[in-house]
Amino acid sequence: MSGGGPGADGGARLRAYPALPVWVVEDHQDVLPFIYRAIGSKHLPASNISFVHLDSHPDLLIPVNMPADTVFDKEALFSELSIENWIMPAVYAGHISQVVWLHPPWAQQISEGKHNFLIGKDISTTTMRVTGTDHYFLSDGLYVPADQLENQKPLNLHVILINPTEASNSREENGEVASAKRLKLNTDDTASTTSASSSVAPGDLDHSTPSVKKKEVQNTSALNRAETLSECSASSSLGNSECPIREVVKDVCQALQKGDAYVLDIDLDFFSVKNPFKEMYTQTEYELLQELYNFKKPQRNATEEGLLDCVENRVHQLEDLEAAFADLCDNDDEETLQKWASCPGMKPLVQLVHSLKTRMESPDYEMVHQAGLTCDYMELPHHVSTEEEIEGLIQSIKVLLKDMPKPTLVTVARSSLDDYCPSEQVDIIQEKVLNLLEYIP
C-alpha cells in the first residue's frame, strides 16, 4: 500500500490528517459524504481506495433503477442511496477498487473467499450492473455479462470470517483497556468526528431517520510490500485463541497491498444484530413472505444463458410482487386480492393479507414488500449477542487493528434507529468500539 507517497492519486502526494478522524453516523449510507470529502481534500486518493467493512450485512447492492451516471453528481447520488446499496456506486465512480467484507459467524450472505468481477453501465438500461454471479447479486437481478457493460470498473472483493476470540487472560491488559482514553465526539450536522487523543459520550450524537435494509488521523505512511508483511507478522505474545485472527490479519494486509490508502468502516451491528422484520410480522406471515419472494437459484455451474434466464425470471417475479403490493396500497378489497392471487406463485398472498388485516386496520403494504425483498435465498442475520460474544469479537478486532497499517479515516454506523443493532446494546458497543480505536498504531 503506497499510502501518501508518490504515485498515489496520479502522482500527487496525499495530505496527512494531524489525528485519525472517526466519523459516527446513524444510517450507514451517511458515511459516504465524509469519504468523498476526504477525497476532495486530497487526504484520500481519487482512485484505488481499499475499503475494510465490518458489518453483519455486505451493503453491496445497487440502486436498481438509478441511472449509472448519477454517480458523477454527488448530491444527486447521496439522495438516492440507502443502507444496503451505498458502496458499489463509489466503485463504479472509480474511487474504491478493493472491498474487504469482514463478517461475524451469523452473516453468510456472500460466499467466503475472493470474488473478482466488474461493475459497469448496462448498455440496454443505462443502470449499474455487475458480472458477479453470487446468489447475493443474482437474487436482486443485478447480473449481466461483461459484453453488456460499458465504463467497466473491476472490484476485488474479499469475504473473510471473523470469529470471537477469548478475552485476554491478562488482568493487566484488561485494566489497560478499561482505562483507555475515551474518545470525545464533536457533534456535526449528520455525524461526529474525533481524534485519537480526545474523549465521548455516545448519547451526544445526532441521530438521522432510519431506513430499510436488505439486506481527523494521519494518512498511512508509504509502505512497501516487505514492510507491510513484516508489520502484519505474527507476534509470539499472542495466546492460542488468537491464532485464527492472525491468519485474518495476514489476509487483510495482503488485500490492502493492492490499494493506495484505506478506509476502516465499522457497523455496530457487526457485534450484535437483529432482523427487524421478524418483530413486525408473525412467524406465519414471515413464512408466507419467504414463499412469495423465494429465489429460484440457477443450476450449479450454470452457463451464461442459464444465469440470464435466472435473472430475467427473478426480475419479472419482483416486478409482479411490487405491482401487486402497489395495487393493494390503493385498494386491498377481496377482488383486488383474488386477481393477484390467481397469478403464478401468488397464492400465498391471500393468507398473508388476511392475516395482516386481522392484526392491523390499514397494513403498510409498501413495508411488507420491503420485508419480502429480504426473504430471497437467505434470511437477514438475526443474532442478539451475549456480553461474552460481543467482548470476544472486540478482542478479535483489537488483534486485527494492532497489526494492520493505519487507515486514513474511520467511519462508524450505529444502525440502531431502524433496529438492526439492538437499541439496548448500541451505546455499550459504541463505547467499546471507540475505546478499541486506541489500538490503531
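The next point concerns the environment of Asp147. Note that Asp147 resides in the loop between helix 4 (135-138) and strand 6 (149-161). The exposed category is assigned to Asp147, whose relative accessible area is 66%. It is 9.1 Å that separates the C-alpha atoms of Asp147 and Ile123, two residues lying 24 residues apart in sequence.

On to the pairing of strand 2 (residues 49-54). Within strand 2, 6 of the 6 residues are buried, leaving the element largely enclosed by the surrounding structure. Both faces of strand 2 are covered, namely the face carrying Ile49, Phe51 and His53 and the face carrying Ser50, Val52 and Leu54. When strand 2 meets strand 3 (residues 96-103), the two strands line up parallel, connected through 6 bridges. Note that in strand 3 the partner of His53 across the bridge is Trp101. One ladder, built from 6 bridges, connects strand 2 with strand 9 (residues 261-267); its direction is parallel. Each residue of the ladder has a partner; that of Val52, found in strand 9, is Leu264.

Another aspect to go through is the packing of aromatic side chains. Two aromatic rings are characterised by how far apart their centres lie and by the angle between their planes. In total, this model carries 8 aromatic pairs according to the counting rule given. Ring centres of Trp23 and Phe34 lie 4.1 Å apart, and the angle between their planes is 25°; this geometry places the pair in the stacked category. Of this pair, Trp23 sits in strand 1 (residues 22-25) while Phe34 sits in helix 1 (residues 32-40), and the two are 11 residues apart along the sequence. Per residue, the accessibility class of Trp23 equals that of Phe34, and both read buried. Here a set of aromatic residues connected by ring pairs shows up, and it is made of Phe117, Tyr136 and Phe137. The positively charged end of Lys153 is found above the aromatic ring belonging to Tyr92, 5.6 Å away from the centroid. Over the face of the ring belonging to Tyr439 we find Lys398, whose NZ or CZ atom lies 5.1 Å from the ring centre.

This paragraph deals with the pattern of salt bridges. Following the criterion strictly, the structure yields 13 salt bridges and no others. The partner of Asp403 in a salt bridge is Arg246, with the nearest N and O atoms 2.4 Å apart. One end of the pair, Asp403, is in helix 14 (residues 387-403); the other, Arg246, is in helix 7 (residues 243-256), with 157 residues separating them in the sequence. The exposure classification of Asp403 matches that of Arg246, with both residues buried. When salt bridges with common partners are traced through the structure, they connect Glu26, Arg414 and Asp427 into a single cluster.

For the rest of this paragraph, the subject is a negative patch on the surface. Residues Asp147, Glu304, Glu305, Asp309 and Glu312 make up a contiguous surface patch of negative charge. Tracing the backbone through its elements, the reader meets Glu304 in helix 10 (residues 304-330). The class of Glu304 is partly exposed, set by a relative accessible area of 43%.

The subject of this paragraph is the environment of Val410. Inspection of the secondary structure puts Val410 in strand 10 (residues 409-413). For Val410, a relative accessible area of 0% translates into the label buried. Not counting the four nearest positions on each side in its chain, Val410 is found in contact with Leu20, Pro21, Val22, Trp23, Leu264, Leu437 and Ile440.

What follows deals with the side chain of Thr374. Looking at the secondary structure, you find Thr374 in the loop between helix 13 (365-373) and helix 14. A polar contact of 2.7 Å, which involves the side chain of Thr374, links it to the backbone oxygen of Ala371.

So, on to unusual backbone geometry. The phi angle of most residues is negative, glycine excepted, and most peptide bonds adopt the trans form. One non-glycine residue, Asn48, adopts positive backbone phi at about 60°. Topologically, Asn48 is positioned in the loop between helix 1 and strand 2. With a phi angle near 60°, Asp59 is a residue other than glycine that sits in the positive phi range. Checked against the element boundaries, Asp59 lands in the loop between strand 2 and helix 2 (74-80).

Criteria and thresholds
- Residues numbered from 1 in each chain as written.
- Predicted model: local features only at pLDDT ≥ 70, side-chain atom pairs only at ≥ 80, totals over all residues.
- Heavy atoms only, no water.
- Helix = DSSP H or I, 4+ residues; strand = E, 2+ residues; numbered from the N terminus.
- Buried < 20%, exposed > 50% of the residue type's maximum accessible area, 1.4 Å probe, protein only.
- Pairing = 2+ DSSP bridges.
- Phe/Tyr/Trp six-rings, centres within 6.5 Å; stacked < 30°, edge-to-face > 60°.
- Lys NZ or Arg CZ within 6 Å of the ring centre and 35° of its normal.
- Salt bridge = Lys/Arg side-chain N within 4 Å of Asp/Glu carboxyl O.
- Patch = residues over 30% accessible without salt bridge, like charges linked within 9 Å, V, L, I, M, F, W, Y side chains within 5 Å.
- Areas by Shrake-Rupley, 256 points an atom, 1.4 Å probe, with all protein chains shown as cover.
- Lys, Arg positive; Asp, Glu negative; His and termini not counted.
- Charge placed at Lys NZ, Arg CZ, Asp CG, Glu CD.
- Contact = heavy atoms within 4.5 Å.
- Polar contact = N/O pair within 3.5 Å; in protein donor to acceptor, adjacent residues only side chain to side chain.

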